[in-house]
Amino acid sequence: MVKKHKKIGVLQVLDSLGVGGAEQVVLTLMEGIDRKRFHPVVCTLFSRDTNYPEPLAEEIRALGIRVEQLAMTRWRDQNTIKQFLRLLDEEQISIVHGHMLPADFWGCLLAKIFRRKKTVYTKHCILPLPNSAYRIQHSFLNKILADRIVAISEAVKTHLLTRCSSPPQKVIKIYNPIDVNKFHPHVDGFEVRKELGISEKTIIVGNTSRFEDRKGYNYFLYVAQKITEKYPDVQFLAVGYGPEITNIHKHIHKLKLEGKVILSGPRRDIPQILGSIDIFLFPTLWGEGFGIALAEAMASGKAIVASNVGPIPELIEDGISGLLPTPRPWLVETNSLDTDALVDAVDILIRDVALRNQMGKAACERAKTLFNASIFVRQMENVYAELAKK
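(A) The overall build of the protein, seen in detail. When you go through the protein residue by residue, the secondary structure sums to 15 helices and 12 strands. Computed over its C-alpha atoms, the radius of gyration of the protein comes to 21 Å, within 12% of the 21 Å expected for a compact globule of 390 residues. Residues classed as buried in the protein amount to 57% of the 390 residues present. Considering only contacts within the protein whose residues lie at least 6 apart along the sequence, 74% involve residues at least 24 apart. For the protein, the exposed area adds up to about 17100 Å²; of that, 51% sits on carbon and sulfur atoms.

Right, dumping it as structure tokens:
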């Protein structure tokens, strides 16, 4: 049944709605978008794994927004394609907004070819494309399919223009948003510490990014080993989900860090998790487009130690709102970090409470200025309104 409305229908298309940066951005957009002007709908194309949790689907549905979770199995999956096109028709969609390859490619392709809709996609990361098929899709998406391309950082924008040959007139930089009403220094982490059996006086070093090899969790654990040797009472906490979970468990056992490092599965109380943390350690290596977990830690007023790669210096001013000890000089990406430099930086923040507080406050103020969710939503609405006029 076709829904009749005079609003601008905008469909967000993703691979799935698990816990991740791109998914969180879509949730924030759905929470703030002007429902008097826009009719938002969300669709996943690859929700095939029943063992993979997709909690954001229910959170978006709770906002009164339609969410369709499709399960495309191959490029000639006629049933899924028909379901997708039916969704465009039923909801009177004018603009399709894709997130993450291959969902952004397929969403924009089907909308453009079969329904001649306006298309936009957000480039969320700078990951190497695994094969020639993905490279062809990405090139076609950048040069032909997308009417607008959103770069989530200056690093991503530079990558699009220099490495992807994206037409400059299509590319616009819009930083990812943080909801500062959820993430702020006054969120209490007492219940999290109580649940985990950690005293109020214990220093917690934490990370809330996905469990992927590119996130540098091996360095997180190396730092944990050296720091807990010097400070036995310091606790490390990693909250997330992802393909590296088994390897991380093995690494913890190999380094004899049982009890020193707590691993949690995916959680939706990240503001409270961050409220319990004293130092946020973010040793990402490559493929980072923005660092949503890092930005959330900034907004929460955490003292931060991060790697000096990709877009991280756009977020953190080294020595002011955090410490970026390695690599030196800055690199777009890297396969290795100086573990001792990371350890030294964490050690400094453990010993200097005043510096922790000073950097946490500076990080919070910077996050509120750069990553304000209301500003992000208005910028995206302007992109949609501009496309709807053409």
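(B) Examining the side chain of K123 more closely. In this structure, K123 sits in strand β5 (residues 118-123). In this structure, K123 is buried with no salt-bridge partner, the nearest side chain bearing the opposite charge being D104 at 6.9 Å. Within the local environment of K123, its side chain forms a polar contact with the side chain of H138, the two groups lying 2.9 Å apart. Apart from residues lying up to four places away in sequence, K123 is in contact with H138, V150, A151, I152, V156, H159 and L160.

(C) The sheet that holds strand β10 (residues 261-264), seen in detail. Read from one edge of the open sheet, five strands run β10-β9-β8-β11-β12, paired in parallel fashion. In this open sheet, the two edge strands, each paired with only one partner strand, are β10 and β12 (303-306). Neighbouring strand axes in the sheet, compared pairwise and without regard to direction, differ in orientation by 25 degrees on average. Pairing of strand β8 (residues 204-207) with strand β9 (residues 235-239), which is carried by four bridges, proceeds in the parallel orientation. Paired with I204 across the two strands is Q235, which belongs to β9.

(D) Layout of the pairing of strand β4 (residues 93-99). With respect to burial, β4 is a largely interior element, six of its seven residues being buried. With five bridges joining them, strand β1 (residues 8-14) and β4 adopt parallel strand pairing. In the sheet register, V13 faces β4, and the bridge partner there is G98. Two elements, β4 and β5, share five bridges in a ladder whose sense is parallel.

(E) Broad picture of the environment of V41. Within the secondary structure layout, V41 lies in strand β2 (residues 38-44). Each C-alpha atom, one on V41 and one on Q12, is 6.3 Å from the other, the two residues being 29 residues apart in sequence. In this structure, V41 is in contact with V10, L11, Q12, I65, R66, L87, E91 and I93, ignoring residues within four places of it in sequence.

What counts as what
- Residues numbered from 1 in each chain as written.
- Predicted model: local features only at pLDDT ≥ 70, side-chain atom pairs only at ≥ 80, totals over all residues.
- Heavy atoms only, no water.
- Helix = DSSP H or I, 4+ residues; strand = E, 2+ residues; numbered from the N terminus.
- Rg over C-alpha atoms; globule rule 2.2 N^0.38 Å.
- Buried < 20%, exposed > 50% of the residue type's maximum accessible area, 1.4 Å probe, protein only.
- Contact = heavy atoms within 4.5 Å.
- Areas by Shrake-Rupley, 256 points an atom, 1.4 Å probe, with all protein chains shown as cover.
- Lys, Arg positive; Asp, Glu negative; His and termini not counted.
- Salt bridge = Lys/Arg side-chain N within 4 Å of Asp/Glu carboxyl O.
- Polar contact = N/O pair within 3.5 Å; in protein donor to acceptor, adjacent residues only side chain to side chain.
- Pairing = 2+ DSSP bridges.
- Axes fitted to C-alpha atoms, helices over the stretch in contact; angles between N-to-C directions.

The analysis is restricted to geometry; functional conclusions fall outside its scope.
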